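# Examination of the molecular architecture
Listed here are the chains, written in short residue letters.
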Amino acid sequence: MSIQENYHNIKKQLPAHVQLVAVSKTHPIPAIQEVYNLGQKVFGENKVQELMEKQPYLPQDIQWHLIGHLQTNKVKYIAGFIDTIQSVDSAKLLSEINKEALKHNRTINVLLQVKIAEEDSKFGLSIQEAKDIFDLYINGIYPNVVIKGLMGMATFTTYENQIKKEFLILKNTFNELNTLKKLETLSMGMSDDFPIAIECGANSIRVGSAIFGRRDYSK
Ligand SMILES: *Cc1c(COP(=O)(O)O)cnc(C)c1O
(Lines give C-alpha, C1' and ligand atoms only; values in the text may rest on other atoms or scores of the structure.)
Protein backbone atom coordinates (compact mmCIF):
# COMPACT_ATOMS: atom_id res chain seq x y z
CA MET A 1 0.00 0.00 0.00
CA SER A 2 1.07 3.56 -0.63
CA ILE A 3 1.79 6.09 2.09
CA GLN A 4 -1.45 7.82 1.21
CA GLU A 5 -3.48 4.62 1.55
CA ASN A 6 -1.74 3.75 4.79
CA TYR A 7 -2.41 7.19 6.20
CA HIS A 8 -6.10 7.22 5.35
CA ASN A 9 -6.43 3.67 6.62
CA ILE A 10 -5.05 4.68 10.03
CA LYS A 11 -7.02 7.92 10.19
CA LYS A 12 -10.34 6.22 9.56
CA GLN A 13 -9.75 3.91 12.53
CA LEU A 14 -9.28 6.78 14.96
CA PRO A 15 -12.06 8.26 17.06
CA ALA A 16 -12.18 12.06 16.80
CA HIS A 17 -10.64 12.59 20.25
CA VAL A 18 -7.46 10.64 19.42
CA GLN A 19 -4.45 12.59 18.16
CA LEU A 20 -2.15 10.95 15.65
CA VAL A 21 1.59 11.58 15.94
CA ALA A 22 3.16 10.43 12.67
CA VAL A 23 6.53 8.92 13.58
CA SER A 24 8.87 9.79 10.73
CA LYS A 25 12.19 8.58 12.14
CA THR A 26 14.51 7.09 9.49
CA HIS A 27 12.17 8.27 6.72
CA PRO A 28 13.28 10.90 4.22
CA ILE A 29 12.02 14.45 3.90
CA PRO A 30 9.88 13.82 0.76
CA ALA A 31 7.94 11.07 2.56
CA ILE A 32 7.26 13.42 5.47
CA GLN A 33 6.21 16.19 3.08
CA GLU A 34 3.82 13.74 1.43
CA VAL A 35 2.10 12.97 4.72
CA TYR A 36 2.04 16.66 5.60
CA ASN A 37 0.32 17.34 2.28
CA LEU A 38 -2.41 14.90 3.30
CA GLY A 39 -3.19 17.18 6.23
CA GLN A 40 -0.96 15.79 8.97
CA LYS A 41 0.65 18.47 11.17
CA VAL A 42 2.08 16.49 14.09
CA PHE A 43 5.23 14.44 13.57
CA GLY A 44 7.52 12.52 15.92
CA GLU A 45 11.24 11.88 15.75
CA ASN A 46 13.36 9.99 18.25
CA LYS A 47 16.82 11.47 17.65
CA VAL A 48 17.89 15.09 18.08
CA GLN A 49 20.45 14.95 15.29
CA GLU A 50 17.99 13.58 12.76
CA LEU A 51 15.29 16.04 13.80
CA MET A 52 17.71 18.96 13.41
CA GLU A 53 18.64 17.78 9.95
CA LYS A 54 15.04 17.54 8.76
CA GLN A 55 13.27 20.41 10.50
CA PRO A 56 14.68 23.32 8.45
CA TYR A 57 13.56 21.73 5.18
CA LEU A 58 9.97 21.02 6.15
CA PRO A 59 6.96 23.31 6.70
CA GLN A 60 7.47 25.49 9.74
CA ASP A 61 3.98 24.87 11.10
CA ILE A 62 4.75 21.21 11.77
CA GLN A 63 4.41 20.41 15.45
CA TRP A 64 7.45 18.30 16.22
CA HIS A 65 7.35 15.82 19.08
CA LEU A 66 10.51 14.26 20.41
CA ILE A 67 9.70 10.68 21.40
CA GLY A 68 13.15 9.19 22.05
CA HIS A 69 15.55 9.37 24.96
CA LEU A 70 16.97 12.88 25.26
CA GLN A 71 20.37 13.68 26.76
CA THR A 72 20.40 16.86 28.83
CA ASN A 73 23.26 18.34 26.78
CA LYS A 74 21.14 18.15 23.61
CA VAL A 75 18.07 20.00 24.86
CA LYS A 76 19.53 23.30 23.68
CA TYR A 77 19.47 22.20 20.05
CA ILE A 78 15.70 21.73 19.93
CA ALA A 79 14.45 24.12 22.62
CA GLY A 80 13.70 26.87 20.11
CA PHE A 81 11.23 24.93 18.00
CA ILE A 82 10.13 21.67 19.64
CA ASP A 83 6.40 21.50 20.37
CA THR A 84 6.39 18.59 22.81
CA ILE A 85 9.03 16.41 24.43
CA GLN A 86 7.26 13.14 25.12
CA SER A 87 10.24 11.36 26.61
CA VAL A 88 10.99 13.12 29.90
CA ASP A 89 12.57 10.43 32.04
CA SER A 90 14.31 12.34 34.83
CA ALA A 91 13.93 15.45 37.00
CA LYS A 92 17.34 16.57 35.77
CA LEU A 93 16.16 16.52 32.16
CA LEU A 94 13.01 18.43 33.06
CA SER A 95 15.08 21.12 34.83
CA GLU A 96 17.23 21.46 31.74
CA ILE A 97 14.18 21.75 29.46
CA ASN A 98 12.79 24.41 31.79
CA LYS A 99 16.07 26.31 31.68
CA GLU A 100 16.38 26.21 27.89
CA ALA A 101 12.71 27.13 27.40
CA LEU A 102 13.29 30.20 29.57
CA LYS A 103 16.26 31.20 27.41
CA HIS A 104 13.94 31.13 24.41
CA ASN A 105 11.29 33.02 26.33
CA ARG A 106 8.74 30.25 25.78
CA THR A 107 7.16 27.24 27.38
CA ILE A 108 7.74 23.70 26.17
CA ASN A 109 5.10 20.99 26.42
CA VAL A 110 6.26 17.71 27.88
CA LEU A 111 5.00 14.27 28.75
CA LEU A 112 6.48 12.21 31.53
CA GLN A 113 7.58 8.87 30.14
CA VAL A 114 6.64 6.10 32.52
CA LYS A 115 8.17 2.67 32.27
CA ILE A 116 5.30 0.22 32.10
CA ALA A 117 6.87 -2.56 30.05
CA GLU A 118 8.21 -5.62 31.80
CA GLU A 119 11.24 -5.85 29.56
CA ASP A 120 13.96 -3.63 31.02
CA SER A 121 15.40 -2.22 27.81
CA LYS A 122 13.11 0.78 27.88
CA PHE A 123 13.68 4.21 29.35
CA GLY A 124 11.21 5.78 31.67
CA LEU A 125 10.30 6.83 35.17
CA SER A 126 8.81 4.56 37.79
CA ILE A 127 5.28 5.54 38.75
CA GLN A 128 6.58 6.93 42.04
CA GLU A 129 9.24 9.02 40.28
CA ALA A 130 6.60 10.41 37.94
CA LYS A 131 4.43 11.35 40.92
CA ASP A 132 7.36 13.03 42.67
CA ILE A 133 8.22 15.09 39.59
CA PHE A 134 4.58 16.04 39.13
CA ASP A 135 4.55 17.22 42.73
CA LEU A 136 7.53 19.51 42.09
CA TYR A 137 5.79 20.77 38.97
CA ILE A 138 2.58 21.58 40.84
CA ASN A 139 4.71 23.48 43.32
CA GLY A 140 5.96 25.74 40.55
CA ILE A 141 9.51 24.45 40.16
CA TYR A 142 9.30 24.32 36.34
CA PRO A 143 7.51 27.49 35.24
CA ASN A 144 8.60 27.19 31.59
CA VAL A 145 7.31 23.69 31.02
CA VAL A 146 3.77 22.44 30.76
CA ILE A 147 3.31 18.81 31.73
CA LYS A 148 0.56 17.79 29.34
CA GLY A 149 0.40 14.16 30.39
CA LEU A 150 2.07 10.78 30.29
CA MET A 151 3.69 8.58 27.68
CA GLY A 152 4.37 4.87 27.82
CA MET A 153 5.34 1.90 25.72
CA ALA A 154 4.04 -1.59 26.29
CA THR A 155 6.13 -4.75 26.17
CA PHE A 156 6.82 -5.93 22.63
CA THR A 157 4.69 -9.06 22.71
CA THR A 158 1.74 -10.68 20.98
CA TYR A 159 0.04 -11.32 24.35
CA GLU A 160 -2.77 -8.81 24.27
CA ASN A 161 -3.54 -9.24 27.94
CA GLN A 162 -0.02 -8.24 28.88
CA ILE A 163 -0.19 -5.12 26.70
CA LYS A 164 -3.61 -4.25 28.10
CA LYS A 165 -2.45 -4.69 31.67
CA GLU A 166 0.47 -2.31 31.10
CA PHE A 167 -1.63 0.34 29.35
CA LEU A 168 -4.19 0.23 32.14
CA ILE A 169 -1.47 0.83 34.73
CA LEU A 170 -0.56 4.01 32.88
CA LYS A 171 -4.19 5.04 32.51
CA ASN A 172 -4.67 4.66 36.28
CA THR A 173 -1.61 6.77 36.98
CA PHE A 174 -2.90 9.37 34.52
CA ASN A 175 -6.26 9.48 36.33
CA GLU A 176 -4.54 9.85 39.68
CA LEU A 177 -2.34 12.77 38.60
CA ASN A 178 -5.27 14.30 36.75
CA THR A 179 -7.08 14.79 40.06
CA LEU A 180 -4.15 16.92 41.31
CA LYS A 181 -3.88 19.05 38.18
CA LYS A 182 -5.74 18.67 34.91
CA LEU A 183 -3.88 16.66 32.26
CA GLU A 184 -4.64 16.50 28.55
CA THR A 185 -2.57 13.81 26.92
CA LEU A 186 -2.19 10.09 27.44
CA SER A 187 0.24 8.93 24.74
CA MET A 188 0.33 5.18 24.28
CA GLY A 189 0.06 2.86 21.33
CA MET A 190 2.18 2.36 18.22
CA SER A 191 1.56 0.66 14.86
CA ASP A 192 0.99 -2.79 16.32
CA ASP A 193 -0.92 -1.97 19.48
CA PHE A 194 -2.73 1.35 19.01
CA PRO A 195 -6.25 -0.17 18.92
CA ILE A 196 -5.59 -1.73 22.35
CA ALA A 197 -4.14 1.56 23.59
CA ILE A 198 -7.23 3.50 22.53
CA GLU A 199 -9.42 0.90 24.21
CA CYS A 200 -7.39 1.51 27.37
CA GLY A 201 -7.84 5.27 27.26
CA ALA A 202 -5.07 6.65 25.04
CA ASN A 203 -5.94 9.93 23.35
CA SER A 204 -2.66 10.25 21.47
CA ILE A 205 -0.90 7.52 19.52
CA ARG A 206 2.53 7.35 17.88
CA VAL A 207 2.43 5.54 14.57
CA GLY A 208 5.41 5.07 12.27
CA SER A 209 5.67 1.93 10.18
CA ALA A 210 1.92 1.59 9.61
CA ILE A 211 2.09 4.91 7.75
CA PHE A 212 5.58 5.10 6.25
CA GLY A 213 6.28 1.41 5.82
CA ARG A 214 9.04 -0.58 7.44
CA ARG A 215 12.12 1.26 8.62
CA ASP A 216 15.36 0.42 6.91
CA TYR A 217 18.16 0.76 9.45
CA SER A 218 20.82 -0.42 7.02
CA LYS A 219 21.06 2.97 5.32
C1 LIG B 1 9.51 4.26 16.68
C2 LIG B 1 8.59 4.64 17.78
C3 LIG B 1 7.20 4.60 17.60
C4 LIG B 1 6.53 4.13 16.32
O5 LIG B 1 6.73 2.78 16.15
P6 LIG B 1 5.96 1.99 14.96
O7 LIG B 1 5.93 0.60 15.45
O8 LIG B 1 6.77 2.18 13.74
O9 LIG B 1 4.61 2.58 14.83
C10 LIG B 1 6.40 5.00 18.66
N11 LIG B 1 6.93 5.42 19.82
C12 LIG B 1 8.25 5.47 20.04
C13 LIG B 1 8.74 5.94 21.36
C14 LIG B 1 9.12 5.07 19.03
O15 LIG B 1 10.44 5.12 19.25
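Criteria and thresholds
Residues numbered from 1 in each chain as written. Predicted model: local features only at pLDDT ≥ 70, side-chain atom pairs only at ≥ 80, totals over all residues. Heavy atoms only, no water. UniProt positions renumbered as here; feature names shortened; annotations may be inferred. Salt bridge = Lys/Arg side-chain N within 4 Å of Asp/Glu carboxyl O. Buried < 20%, exposed > 50% of the residue type's maximum accessible area, 1.4 Å probe, protein only. Helix = DSSP H or I, 4+ residues; strand = E, 2+ residues; numbered from the N terminus. Near = heavy atom within 4 Å. Polar contact = N/O pair within 3.5 Å; in protein donor to acceptor, adjacent residues only side chain to side chain. Areas by Shrake-Rupley, 256 points an atom, 1.4 Å probe, with all protein chains shown as cover. Nonpolar A, V, L, I, M, F, W, Y, C, P; charged D, E, K, R; others polar. Arc of directions from axis to C-beta. Contact = heavy atoms within 4.5 Å. Core = buried A, V, L, I, M, F, W, Y, C linked by side-chain atoms within 4.5 Å. Axes fitted to C-alpha atoms, helices over the stretch in contact; angles between N-to-C directions. Parallel < 35°, antiparallel > 145°, perpendicular 65-115°, else oblique. Left-handed = near helix turned anticlockwise from the far one by under 90°.

An unreviewed UniProt entry annotates the chain as Pyridoxal phosphate homeostasis protein originating from Chryseobacterium potabilaquae. Recorded in UniProt under Sequence similarities (unreviewed entry), the annotation for the chain is "Belongs to the pyridoxal phosphate-binding protein YggS/PROSC family." According to the UniProt record, the Cofactor (unreviewed entry) comment for the chain is "pyridoxal 5'-phosphate".

### Re the pattern of salt bridges
Applying the stated criterion to the full structure yields 8 salt bridges. In this structure, the salt-bridge partner of Glu45 is Lys54, at a minimum N-O distance of 2.8 Å. Judged by its relative accessible area of 7%, Lys54 falls in the buried class. When the shortest N-O distance is used, the salt bridge between Glu118 and Lys165 registers 3.6 Å. One end of the pair, Glu118, is in the loop between strand E5 (108-113) and helix H6 (127-138); the other, Lys165, is in helix H7 (residues 160-180), with 47 residues separating them in the sequence. Here the salt bridges do not stand alone but share partners, grouping Glu45, Glu50 and Lys54 into one network.

### Here's the deal with the site of the ligand
Around the ligand, the neighbouring residues are Val23, Lys25, Ile67, Met153, Met190, Ser191, Arg206, Val207, Gly208, Ser209 and Arg215. Take Ser209: an N or O atom from its main chain is 2.8 Å from an oxygen atom of the ligand. Here the ligand, which alone exposes 380 Å², has 92% of that area covered by the protein. Looking at side-chain class alone, the shell around the ligand contains 5 nonpolar, 3 polar and 3 charged residues.

### Observations concerning helix H1 (residues 3-11)
Within H1, burial applies to Ile3, Asn6, Tyr7 and Ile10. Viewed along the axis of H1, the buried residues span an arc of 95°, placing them on a single side of the element. Here the buried face of H1 lies against strand E1 (19-23), helix H2 (29-37), helix H8 (194-199), strand E8 (204-207) and helix H9 (209-212).

### Looking at the UniProt feature "modified residue: N6-(pyridoxal phosphate)lysine" (unreviewed entry) in the chain
Look at the UniProt record and you will see "modified residue: N6-(pyridoxal phosphate)lysine" (unreviewed entry) annotated at Lys25. With respect to the element layout, Lys25 can be found in the loop between E1 and H2. With relative accessibility at 15%, the residue Lys25 sits in the buried group.

### Looking at the nonpolar core
Membership of the largest hydrophobic core comes to 62 residues, with the highest contact counts inside it found for Phe43, Ile85, Ile97, Val110, Phe167, Ile211 and Phe212. Setting aside residues up to four positions removed in sequence, Ile85 forms contacts with Leu66, Leu70, Ile78, Ile97, Ile108, Asn109, Val110 and Leu111.

### Things to note about the packing of H1 against H2
The axes of two packed helices give the description: the angle between them and the distance between them. Interhelical geometry of H1 versus H2 gives an angle of 45° and a closest axis separation of 10 Å. Accordingly, the angle class assigned to the pair H1 and H2 is oblique. H2 is crossed by H1, and the crossing has right-handed handedness. In contact with Ile3, Gln4 and Tyr7 of H1, H2 contributes Ala31, Glu34 and Val35.

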